[in-house]
Amino acid sequence: MKYTQLGRTGLKVSRLVLGTMNFGPQTDEPTSHRILDEALAAGLNFVDTANVYGWGENKGRTEEILGTWFAQGGGRRDKTVLATKVYGNMAGDGDPWPNHDRLSALNIRRAVEASLKRLQTDYIDLYQFHHVDRRTPFEEIWQAVDVLIQQGKVLYAGSSNFPGYKIAQANETAARRGAVGLVSEQCLYNLAERRAEMEVIPAAQEYGLGVIPWSPLHGGLLGGVIKKEVEGGRRASGRSADALASTEVRAQVQAYEDLLDKHGLEPGETALAWLLTRPGVTGPIVGPRTSEQLTSALRALELELGEEVLAGLDEIFPGPGPSPEAFAW
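Residues numbered from 1 in each chain as written. Predicted model: local features only at pLDDT ≥ 70, side-chain atom pairs only at ≥ 80, totals over all residues. Heavy atoms only, no water.

(A) The arrangement of the overall build of the protein in detail. Secondary structure summary: the protein contains 13 helices and 10 strands in total. Expected size for 329 residues packed as a compact globule is a radius of gyration near 20 Å; at 20 Å, the protein falls within 12% of this value. For the C-alpha atoms alone, the extent of the protein along its principal axes is close to 55 × 55 × 40 Å. Buried positions account for 51% of the 329 residues belonging to the protein. Within the protein, contacts between residues separated by at least 24 positions form 77% of all contacts whose residues are at least 6 apart in sequence. When the accessible area of the protein is evaluated, it comes to approximately 15100 Å², of which 50% is carbon and sulfur surface. Positive and negative side-chain charges of the protein, numbering 34 and 42 respectively, have mean locations separated by a distance of 4 Å. (Helix = DSSP H or I, 4+ residues; strand = E, 2+ residues; numbered from the N terminus. Rg over C-alpha atoms; globule rule 2.2 N^0.38 Å. Buried < 20%, exposed > 50% of the residue type's maximum accessible area, 1.4 Å probe, protein only. Contact = heavy atoms within 4.5 Å. Areas by Shrake-Rupley, 256 points an atom, 1.4 Å probe, with all protein chains shown as cover. Lys, Arg positive; Asp, Glu negative; His and termini not counted. Charge placed at Lys NZ, Arg CZ, Asp CG, Glu CD.)

(B) Geometry of unusual backbone geometry. The omega torsion of the bond from Ser323 to Pro324 falls at 5 degrees, within 30 degrees of zero and hence cis. By secondary structure assignment, the location of Pro324 is in the segment after α13 (307-316). The backbone phi angle of Arg102 is positive, close to 65 degrees, even though this residue is not glycine. Tracing the sequence through the fold places Arg102 in the loop between β5 (81-86) and α4 (105-119). Judged by its relative accessible area of 22%, Arg102 is partly exposed.

(C) A look at the packing of α4 against helix α5 (residues 138-151). Orientation of α4 relative to α5, taken along the N-to-C sense of each, is 30 degrees, at an axis distance of 9 Å. Between α4 and α5, the angle is such that the two are roughly parallel. In terms of crossing hand, the pair formed by α4 and α5 is right-handed. Touching Ala105, Ile108 and Val112 of α4 are Glu140, Ile141, Ala144 and Leu148, all from α5. When the residues that make up the contact of α4 with α5 are grouped by side-chain class, the tally is six nonpolar, no polar and one charged. (Axes fitted to C-alpha atoms, helices over the stretch in contact; angles between N-to-C directions. Parallel < 35°, antiparallel > 145°, perpendicular 65-115°, else oblique. Left-handed = near helix turned anticlockwise from the far one by under 90°. Nonpolar A, V, L, I, M, F, W, Y, C, P; charged D, E, K, R; others polar.)

(D) Structural context of the environment of Ala41. Within the fold, Ala41 resides in helix α1 (residues 29-41). Residues Ala41 and Lys2 lie 39 residues apart in sequence; the distance between their C-alpha atoms is 13 Å.

(E) Structural context of the sheet that holds strand β6 (residues 124-129). Strand order in this open sheet of eight strands is β9-β8-β7-β6-β5-β4-β3-β10, and the pairing throughout is parallel. Edge positions in the open sheet fall to β9 (210-214) and β10 (285-286), since each of these has one partner strand only. As paired elements, strand β4 (residues 46-48) and β5 share three bridges and run parallel to each other. Residue pairing across strands places Asp48 opposite Ala83, the latter belonging to β5. (Pairing = 2+ DSSP bridges.)

(F) Structural view of the nonpolar core. Counting residues in hydrophobic clusters, the biggest one holds 73 residues, and the most contacted among them are Phe129, Trp142, Tyr256 and Leu313. Apart from the residues within four sequence positions on either side, Phe129 is in contact with Val86, Leu103, Ile141, Trp142, Val145, Ala157, Gly158, Ser159, Ser160, Phe162 and Leu182. Membership of the second largest hydrophobic core comes to 11 residues, among which are Leu6, Val13, Leu126 and Ile285. (Core = buried A, V, L, I, M, F, W, Y, C linked by side-chain atoms within 4.5 Å.)

(G) The arrangement of the packing of aromatic side chains in detail. For the structure shown, the criterion picks out six aromatic pairs. Summarising the aromatic geometry, the rings of Trp69 and Phe70 are spaced 5.3 Å apart at their centres and angled 45 degrees between planes, so their arrangement reads as tilted. The class of Trp69 is buried, set by a relative accessible area of 0%. Above the face of the Phe70 ring, Arg77 is positioned so that its terminal group lies 5.4 Å from the ring centre. The positively charged end of Arg77 is found above the aromatic ring belonging to Tyr123, 4.0 Å away from the centroid. (Phe/Tyr/Trp six-rings, centres within 6.5 Å; stacked < 30°, edge-to-face > 60°. Lys NZ or Arg CZ within 6 Å of the ring centre and 35° of its normal.)

Listed below in structure tokens is the structure:
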């Protein structure tokens, strides 16, 4: 396993992040525990979740699965860098009461205590704001986080789905308070979706945040979806199916798969390996539903992409260019 520092911190994390969003909704508890054990055995120490995972009436279920895994002992918690998130509404469907979501000091206090209970731990390594809260000032957010850090319940704070200017605003506010501020940003970033390169990633680099890309295969679009259709009759679904309905996107994905076939490369592993070459990226989040998918993701760590392949990928999926040059002189 390869490790790196999380942004400007002294915290060492694996270059792949184990995403747990499928644990509960699609992967049962015993299988989830097996995947976690296999990841830890491979040296993957960075595990990401969120309080809302489990979804619907089962919000919190994913954190509970992690909690029962930690409870088995064997150094599982000590070896794990645990990241979870706060923002989404945790009240039951149709519950009219306010203050069960967003980033008010009240909800942050309530949410962290609930997450700690479900996770069966007394601290969270990386507590992430799942979305921008335009109603709550960062002075209030940092006041709440500072208390949690002083109590030892949270070690670091990170953001997710923040625009570049909010990363700047958050960390300038933290600096005025003498606080560390954000140390990571978890954003949508992959070959097919490179808009983060314009503002988000430059802001993260400027402020010393590690970048943690989510959806590295863009909902399966970069995982060999056309080849799977042809060889096994397995049709795309969800985001992939919607994207492939576009003639332009389908031609782009076909060119991608043809390029990798020419070089004997597997699409999903290549998409992950490409992210590992990008400036500022700590490690992409992989969300395996099975042990086989985890094994495939781990192979990406050993994959070295040649200049011809990297140039070909840039030609098929050109980035937006830096800001402001992408839209101005």
